[in-house]
Amino acid sequence: MSLLVKICGLSTRETLQTALDAGADMVGFVFFPPSPRHLSLEAGRELGRQAKQRALKVALTVDADDATLDNIMDALSPDIFQLHGKESVARLRDIKQRFGRPVMKAVPVATSADLAALPGYAAVADSILFDARAPKDATRPGGLGEPFDWHLLENLDLKLPYMVSGGLHADNVAEALRVTRAGGVDVSSGVESAPGVKDPEMIKAFIRAARASQDTSQELSVR
Ligand SMILES: O=C(O)c1ccccc1NCC(=O)[C@H](O)[C@H](O)COP(=O)(O)O
């Protein structure tokens, strides 16, 4: 199966266009006001039109209520909801039933104990995004540019598609894929020149590096 590459936290037409032209499979739009990547609904509507049919639109929310999700549905019509808060398994089920869209549940990882939450989420979610657990004093649960120990996923036996994220960039994405065998990679800080400021050249470099590592692993698998 082909590697999925997600560029998250896009907020301008220009950098979104760069990601689309460079071949991103998924583009993430953050709807979380404390984030430097937070989008208004109108910005989401505009960028969503630009991305439509070019890549999967991922709406990223944190413990959002139904009214917020309704507004995002109306503005962006996301292909996937990425739930990046403390949403329960029951909440995932509610959201799937109410909105009829696939749900990617972010699972914060710091130690192996964090993987205990997986079986419950894996029974309901359509995919999992492993991300570095944020420090207790962080102003947001993700998008912090810090990796977790990818070896914690070395013996993962998950029947669900999963992505790896957290502190990825062009120079470490190949190793992250080698260790985790993830089917997708996700990046935000690693393609920014400053928090929330996406850099076109860094976006292109990251996608090139991810695709190159995908080609290498496919070559190895056929030997
Ligand atoms: O990106 C944010 O600002 C953000 C805010 C609140 C919750 C999640 C957030 N990002 C989630 C993502 O999917 C990021 O791409 C992921 O955490 C990796 O971020 P980074 O380590 O900066 O590459």
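Cut-offs used in this document
Starting from 1, residues in each chain are numbered consecutively following that chain's sequence as written. Residues qualify for local features only when their pLDDT is at least 70, as the model is predicted, and side-chain atom pairs are given and counted only at 80 or more; totals for whole chains, interfaces and linings, by contrast, use all residues. UniProt positions are given in the numbering used here, feature names are shortened, and annotations may be inferred rather than shown by experiment. Secondary structure follows DSSP: runs of H or I at least 4 residues long count as helices, runs of E at least 2 residues long count as strands, and numbering of each begins at the N terminus. The criterion for a residue being near a molecule or strand is simple: its C-beta atom, placed using the backbone, must lie within 6 Å of it. Residue classes follow a fixed rule: Ala, Val, Leu, Ile, Met, Phe, Trp, Tyr, Cys and Pro count as nonpolar, while Asp, Glu, Lys and Arg count as charged, and any other residue, Gly among them, counts as polar. A pair of strands is considered paired only if DSSP assigns at least 2 bridges between the two. Note on definitions: angles span 0 to 180 degrees between N-to-C directions of axes, and those axes are lines fitted to C-alpha atoms, for helices only across the stretch in contact. Whether two residues are in contact depends on their C-beta atoms, placed from the backbone: they are in contact if these lie within 7 Å.

Our focus in this paragraph is the UniProt feature "domain: N-(5'phosphoribosyl) anthranilate isomerase (PRAI)" (unreviewed entry) in the chain. Under the feature "domain: N-(5'phosphoribosyl) anthranilate isomerase (PRAI)" (unreviewed entry), the UniProt entry names residues 5-208. Helix makes up 31% of residues 5-208 and strand 22%. Its end C-alpha atoms lie 10 Å apart.

We now examine the site of the ligand. Among the 26 residues in the neighbourhood of the ligand, the closest are listed as C8, S35, G142, G143 and S189. Going through the elements one at a time, strand 2 (26-30) and strand 8 (184-187) are the ones with two or more residues in the shell around the ligand. Its residues assigned to classes, the shell around the ligand comprises 9 nonpolar, 13 polar and 4 charged.

For the rest of this paragraph, the subject is the sheet that holds strand 4 (residues 80-83). Strand order in the closed barrel formed by 8 strands is 1-2-3-4-5-6-7-8, with parallel pairing between adjacent strands. Neighbour-to-neighbour, the strand axes of this sheet turn through a mean angle of 25°, independent of strand direction. As judged from the 6 bridges shared by strand 5 (residues 103-109) and strand 6 (residues 127-132), these two strands associate in the parallel manner. Within strand 6, the residue paired with K105 across the bridge is I128. Sheet strands in contact with helix 4 (residues 89-99) are strand 4 and strand 5, and its direction is about 160° off that of strand 5.

The subject of this paragraph is the packing of helix 2 (residues 41-51) against helix 3 (residues 66-76). The contact between helix 2 and helix 3 brings their axes to 8 Å, and the two run at 35°. For the pair helix 2 and helix 3, the contacting residues are L41, G44, R45 and G48 in the first and N71, I72, A75 and L76 in the second. Residue composition of the contact of helix 2 with helix 3, by class: 4 nonpolar, 3 polar and 1 charged.

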